[in-house]
Amino acid sequence: MINKLIENIKKTGAPVIVGLDPMLDYIPSHIMESAVKEQGETLEAAGEAIWQYNKGIIDAVYDLIPAVKPQIAMYEQFGIPGLAAFKKTVDYCKEKGLVVIGDIKRGDIGSTSAAYANAHIGSVTVGNTKLSGFQEDFVTVNPYLGSDGVKPFIDVCKEEKRGIFVLVKTSNPSSGEFQDQKIDGKPLYELVGEQVAKWGEDCMGDSYSYVGAVVGATYPEMGKVLRDIMPKTYILVPGYGAQGGTAEDLKPYFNKDGLGAIVNSSRGIICAYKQEKYAGFGEKNYADASRQAVMDMIEDIAGIF
C-alpha cells in the first residue's frame, strides 16, 4: 500500500492528507437540521449528519489529494451510529481512489493488539469465510508497549500489504514530557525512530517501507534528526496550520527525491468556511471552501521545493 500512496502523491503533486475529524459544531446547520428532522435528536442523527458532511468534503477534494485520515475517536463518541459513519466514510474514500489512513493510535499486546490489527487492516474468519472489518489502508500505532504491541500490526501489514504509522514525536505541546526524556544520552523519540527503521527493513515497498512514522511539524529540528535516522520511512506530519506548523517547518521531513513525507491538515480544511479567509463561500458552500483551502495548502507546500 505504500506504493499506492506514493503513486497517488506523484499523480496529484500534493503530499497532503485531509484529516476527516468531524465535530458537531463543525457541521453546517442545514445538514444537522435535516438529519434531526428525520431522526430526532439522536445518535443516529449525529451519525447521518457526519456522513453527509464528510461526503460533501470528499466530493469536493478527492481529485486534489492522495489520501485522507479519519480520526476514529471523533466517530466513536457517537456510538454505533458514529462507527457506521466512519465505515461509510472509509468505503466512500476508497471508491474515490483515495488512500485511507485510520487514525486509531492503538497500542496493546498479544492477542489484543492482533485483534486491533485484524479489525482495521486485516481480516477475521467466520466459518469458512474470510471477512474484513473497517478496511483502512494504514493505521496509526502507539509503540509505548514495545515490540509486543507493534509486531502484530507488522505481521498483518506483511500479509495484507497494508501499512502503519508509528508515533515517534507527536505535535502536541506536552509530548516532550516523555518523548524527550534521555536514555543513555539519547532522547526517547530517537530510540523509537531507530526501532521504526529496523522494523521497516523487513517490510519494504519499492523504495519506502510499509512501516511509517508520525513526526509533528511543530518540531522541525527534531524532524531533521529523525529524517536522517529513518531514510526509508514515510513520515506522516501532523501539526501544520491550526497547530502552528508552517510550510518552512516541513522542509526537513522530505528527502531529496521530494518524497518521504505527507502533511496532514484537519480543521484547517474541513472547517475552512468558518475562517475569515474563506467566509465568502458561506455555510452552504462549505465544501467549496474546503476545496480552496486544500488548493492553498498545496501551493504553500510546493513553495518549499
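Just so we're clear, the structure is a prediction, and the values are computed from it rather than from any experiment.

Calculation rules
- Residues numbered from 1 in each chain as written.
- Predicted model: local features only at pLDDT ≥ 70, side-chain atom pairs only at ≥ 80, totals over all residues.
- Heavy atoms only, no water.
- Helix = DSSP H or I, 4+ residues; strand = E, 2+ residues; numbered from the N terminus.
- Contact = heavy atoms within 4.5 Å.
- Expected span 1.5 Å × (residues − 1).
- Buried < 20%, exposed > 50% of the residue type's maximum accessible area, 1.4 Å probe, protein only.
- Pairing = 2+ DSSP bridges.
- Axes fitted to C-alpha atoms, helices over the stretch in contact; angles between N-to-C directions.
- Phe/Tyr/Trp six-rings, centres within 6.5 Å; stacked < 30°, edge-to-face > 60°.
- Lys NZ or Arg CZ within 6 Å of the ring centre and 35° of its normal.
- Left-handed = near helix turned anticlockwise from the far one by under 90°.
- Nonpolar A, V, L, I, M, F, W, Y, C, P; charged D, E, K, R; others polar.

Asks: So what's going on with the side chain of K69? Residues and values would help.
Replies: Tracing the backbone shows K69 in the loop between β2 (67-68) and α4 (73-76). In this view, K69 contacts I17, V18, G19, L20, D21, I101, D103, L236 and N264; residues no more than four positions away in its chain are not counted.

Asks: Any details on helix α9 (residues 188-201)? Residues and values, ideally.
Replies: Between its first and last C-alpha, α9 extends 20 Å over 14 residues, near the 20 Å set by a 1.5 Å rise per residue. Looking at α9, one finds that the buried residues are Y189, E190, V192, G193, V196, A197, W199 and G200. Contacts from the buried residues of α9 go to α7 (147-160), β7 (163-169), α8 (176-179), β9 (186-187), β10 (211-215) and α10 (220-229).

Asks: I'd love a proper account of the sheet that holds strand β3 (residues 99-106), names of residues and values included.
Replies: One closed barrel accounts for 8 strands, arranged β1-β2-β3-β6-β7-β10-β11-β12; its pairing is parallel. Relative to strand β11 (residues 235-237), β10 runs parallel, the two sharing 2 bridges. Among the inter-strand pairings, V214 is bridged to a residue of β11, identified as L236. Contacting β7 and β10, α9 crosses the sheet at an angle of about 160° to β7.

Asks: Quick rundown of the packing of aromatic side chains? Include the residues and the values.
Replies: Under the defined criterion, the tally for this structure stands at 7 aromatic pairs. Ring geometry for F86 and F134: centres 5.5 Å apart, planes at 80°, overall edge-to-face. With F86 in helix α5 (residues 79-95) and F134 in the loop between β5 (129-131) and β6 (138-141), the pair connects residues that are 48 residues apart, well separated along the chain. Pairing Y208 with Y234 gives two aromatic rings, centres 4.9 Å apart and planes at 70°, and the pair type is edge-to-face. Residue Y208 is found in the loop between α9 and β10, and its partner Y234 is found in the loop between α10 and β11; the two are separated by 26 residues along the sequence. With respect to burial, Y208 and Y234 carry one shared label: buried. An aromatic cluster of three or more residues is present, and its members are Y53, Y273 and Y286. The ring of Y62 has K96 lying over it, and the distance from NZ or CZ to the ring centre is 4.4 Å.

Asks: Talk me through the packing of helix α2 (residues 29-39) against helix α3 (residues 43-61); I want residue IDs and the actual numbers.
Replies: Look at α2 against α3: their axes get within 8 Å of each other, and the N-to-C directions meet at 145°. Relative to α3, α2 is oriented so that their crossing is right-handed. Contact residues: α2 offers I31, M32, A35, V36 and Q39, while α3 offers E44, A45, A46, E48, A49, Q52 and Y53. Grouping the constituent residues of the contact of α2 with α3 by class yields 8 nonpolar, 2 polar and 2 charged.

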